[in-house]
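Single-letter residue listing:
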Amino acid sequence: MSSPRRIGVAILGYAFMGKSHSHAFKSMPHFFYPPPAIPELVVIYGRTEEKVREAAENYGFKKHVTDWRKAVNDPEVEVVDNCLPNNMHMEPTLEAIEKGKNVLCEKPLARNSGEAKILRDAARKARVKTMVAFNYRFVPAVQLARNIVQSGMLGRIYHFRARYLQDWLVDPNAPLTWRLRKEDAGSGPLGDLGSHIIDLGRFIVGEFKSVMGVVKTFIGERPLPGNPAKKDRVTVDDAFEAVVELENGAIGTLEASRFATGRKNYNNFEVNGEKGSIEFNLERLNELRVYLKEWERGSIGGWNTVLVTEKTHPYIKAYWPPGHIIGWEHTFINEVYHFIKAVVQDEGIAPLGATFEDGYRNNVIMDAILKSAEDGKKVTIEF
Ligand code: SOE
């Protein structure tokens with residue numbers, strides 16, 4: 001038997017996402033057997049020598065570098081996984097594409113639609129595979145939700161209602177990290193959390209037609225990290241609300257906040273159609289709540305909870321027997337499997353993976369929400 005193909009991976013960034021992505025690359029062949037290729041953790045990039053060395057040891061990378069260009073240009077590397085802050089999505093991603101590397105880039109694709117367009121255009125011209133890491137597309141229950149909506153089981157769709165809530169900024173003394181600076185992040189929870197629910201709306205229900213938004217910054221100044229005596233301005237939103245219209249006639253609401261006291265990572269959506277509804281909540285990611293009107297005719301009625309762990313459910317065969325639940329980290333393992341398979345077998349990233357076109361459209365919708373909030377008017381989406 002020939003030995004399996006190996007594929008060299010560079011990860012840029014060792015923090016939260018670097019940790020979850022490196023775990024996913026390592027674990028993918030353990031579950032998806034035979035794997036499309038065995039990822040090799042070649043090199044990890046970080047700005048601080050000591051920290052990136054420690055991350056390399058901990059996650060199992062052969063090398064570590066403090067210059068991202070060395071990681072991107074490493075001849076052993078075929079896949080560049082950009083897990084850096086939003087202001088570092090453009091340059092390394094463009095360089096990687098130019099050097100013929102396949103790129104998985106963290107969400108949101110860019111700080112704004114102007115940057116995202118440049119990345120989208122580069123990806124269009126390139127022969128490499130490019131994907132935006134919208135990992136919640138790879139929750140089995142989310143793909144089941146999409147299959148239910150797209151099969152027509154719910155009939156005409158009336159509503160998409162989504163909220164992504166966290167509370168880590170409720171303390172007014174929480175430091176002013178890069179996530180609170182427009183030049184680094186682009187926007188606040190709109191780009192960080194709203195980008196996920198916008199993507200889920202497009203993935204499950206369809207394209208956006210118009211938006212009407214409100215954004216709010218509750219606490220205007222915060223202490224600087226490492227120098228709490230000094231404060232500086234918060235230049236992004238702390239929360240947003242939006243009313244949206246979809247191309248298929250559905251309407252919906254979107255909401256994201258870092259001030260939803262008690263909510264740690266509450267990513268929840270509901271779809272209402274003429275024949276039924278579905279509801280998903282990330283805190284119970286193995287479950288999809290389903291209501292079908294036809295159940296009213298029998299003796300069942302009401303909402304039912306489907307445990308999405310059957311062999312017939314997306315990705316479940318790779319894991320455990322039915323009834324054995326999976327976790328948040330598995331969304332990244334499924335995502336990496338999809339990406340590596342597309343690279344090795346020359347398959348499309350769409351429709352399950354988010355392309356750079358999806359990433360660009362996501363940024364356009366977010367810019368429209370900001371514009372609408374600024375002008376106090378409904379904005380029609382133009383891609
Ligand atoms: C923010 O706290 C964050 O880590 C996001 O950046 C991720 O995309 C989300 O999945 C969890 O929350």
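Residues numbered from 1 in each chain as written. Predicted model: local features only at pLDDT ≥ 70, side-chain atom pairs only at ≥ 80, totals over all residues. Heavy atoms only, no water.

Each helix and strand counted, the chain has ten helices and 17 strands in total. For the chain, whose C-alpha radius of gyration is 21 Å, the value lies close to the compact-globule estimate of 21 Å for 383 residues. Expressed along its principal axes, the backbone C-alpha trace of the chain runs to roughly 60 × 60 × 40 Å. Counting the 383 residues in the chain, one finds 57% classified as buried. (Helix = DSSP H or I, 4+ residues; strand = E, 2+ residues; numbered from the N terminus. Rg over C-alpha atoms; globule rule 2.2 N^0.38 Å. Buried < 20%, exposed > 50% of the residue type's maximum accessible area, 1.4 Å probe, protein only.)

Taken as a whole, the largest pocket spans an internal volume of roughly 970 Å³. Lining the largest pocket are 35 residues; nearest its centre among them are A15, C83, P85, W178 and R179. Taken together, the elements giving at least two residues each to the lining of the largest pocket come down to α1 (16-31) and α8 (189-204). Considering each element in turn, the lining of the largest pocket owes the most residues, three residues, to α8. (1 Å grid on protein atoms, 1.4 Å probe; cavity = no way out; pocket = protein on both sides within 12 Å on 5 of 7 lines; lining within 4 Å. Points joined across faces, edges and corners; volume = space filled by probe spheres on them.)

On to the sheet that holds strand β17 (residues 379-380), then. Pairing is mixed in the open sheet, where nine strands are placed in the order β16-β15-β14-β13-β7-β12-β11-β8-β17. Taken across any chain shown, the strands that pair with only one partner, and hence form the sheet edges, are β16 (304-307) and β17. Here strand β11 (residues 239-246) runs beside strand β12 (residues 251-257); their pairing, made up of seven bridges, is antiparallel. Of the residues in β12, the one forming a bridge with V243 is T253. In the packing of helix α10 (residues 356-375) onto the sheet, the strands contacted are β8 (208-216), β11 and β17, and the crossing angle to β8 comes to about 55°. (Pairing = 2+ DSSP bridges. Contact = heavy atoms within 4.5 Å. Axes fitted to C-alpha atoms, helices over the stretch in contact; angles between N-to-C directions.)

Attention now moves to the nonpolar core. Membership of the largest hydrophobic core comes to 114 residues, with the highest contact counts inside it found for I204, L254, F269, V271 and L288. No other element matches the eight residues that helix α9 (residues 329-345) contributes to this core. Lining this core are residues from two domains, each supplying at least three of them: domain 1 (6-135) and domain 2 (137-375). Discounting residues that sit within four places of it in the chain, I204 has contacts with V142, A145, R146, V149, Q150, F269 and V271. L176, L180, I219 and F259 belong to the second largest nonpolar core, which has nine residues in total. (Core = buried A, V, L, I, M, F, W, Y, C linked by side-chain atoms within 4.5 Å. Domains from an automatic or database assignment.)

Below, the discussion takes up the site of the ligand. Close to the ligand lie F16, K107, Y136, Y164, Q166, W168, R179, D192, H196 and N265. A distance of 2.7 Å separates an oxygen atom of the ligand from a polar atom in the side chain of H196. Here the ligand loses 89% of its free accessible area of 300 Å² to cover by the protein chains. Using a 2 Å cut-off from the grid points, one finds that the ligand occupies the largest pocket. Tallied by class, the residues present in the shell around the ligand amount to four nonpolar, three polar and three charged. (Near = heavy atom within 4 Å. Polar contact = N/O pair within 3.5 Å; in protein donor to acceptor, adjacent residues only side chain to side chain. Areas by Shrake-Rupley, 256 points an atom, 1.4 Å probe, with all protein chains shown as cover. Sits in = over half its atoms within 2 Å of the grid points. Nonpolar A, V, L, I, M, F, W, Y, C, P; charged D, E, K, R; others polar.)

Domains assigned within the chain are domain 1 (6-135) and domain 2 (137-375). On a C-alpha basis, the centres of domain 1 and domain 2 stand 23 Å from each other. Across the domain 1 to domain 2 interface the summed buried area is about 4,200 Å²; carbon plus sulfur atoms make up 72%. It is M131, F134 and N135 that lose the most area in domain 1 upon contact with domain 2, and together they represent 21% of the buried surface on that side. Counting across the interface, domain 1 meets domain 2 through four salt bridges. Put simply, domain 1 and domain 2 have 16 residue pairs in polar contact (both at pLDDT 80 or more) between them. At the level of elements, α1, α4 (90-98), β5 (102-105), α5 (113-125) and β6 (130-132) are the ones that each hand at least two residues to the side of domain 1 that touches domain 2. Top contributing element to the side of domain 1 that touches domain 2 by residue count: α1, with ten residues. Here the side of domain 1 that touches domain 2 is built from residues that sort into 26 nonpolar, twelve polar and seven charged. (Buried area = accessible area lost by both parts, 1.4 Å probe. Salt bridge = Lys/Arg side-chain N within 4 Å of Asp/Glu carboxyl O.)

The next thing to look at is the pattern of salt bridges. Counting across every chain of the model gives 32 salt bridges. K107 is paired through a salt bridge with D192; the nearest N and O atoms lie 2.9 Å apart. Of this pair, K107 sits in the loop between β5 and α5 while D192 sits in helix α8, placing them 85 residues apart in sequence. Using a relative accessible area of 12% as the deciding quantity, one classes D192 as buried. The shortest N-O distance in the salt bridge between D192 and R179 comes to 3.1 Å. Highlighted residues: D192 in helix α8 and R179 in the loop between β7 (157-165) and α7 (182-185), separated in sequence by 13 residues. Through salt bridges with shared partners, one network takes in K117, R120, D121, R124, R137, D199, R202, E207, E357, D358 and R361.

We now examine the environment of V244. Assignment of secondary structure puts V244 in strand β11. Overall, the relative accessible area of 1% leaves V244 in the buried class. Separated by 181 residues in sequence, V244 and K63 place their C-alpha atoms 46 Å apart. With residues up to four places along the chain from it excluded, the contact list for V244 reads F208, S210, V211, A250, I251, G252 and L254.

A sheet is described by the order of its strands in space; here six strands give the open sequence β3-β2-β1-β4-β5-β6, paired in parallel fashion. At either margin of the open sheet sits one strand with a lone partner, and together these are β3 (63-65) and β6. Averaged over all pairs of adjacent strands, the angle between their axes in this sheet comes to 20°, without regard to strand direction. Its contacts with the sheet place α1 against β1 (6-12), β2 (38-45), β4 (79-82) and β5, and it is angled at close to 160° to β2. Sheet contacts for α10: β5 and β6; angle to β6, the most-contacted strand, approximately 40°.

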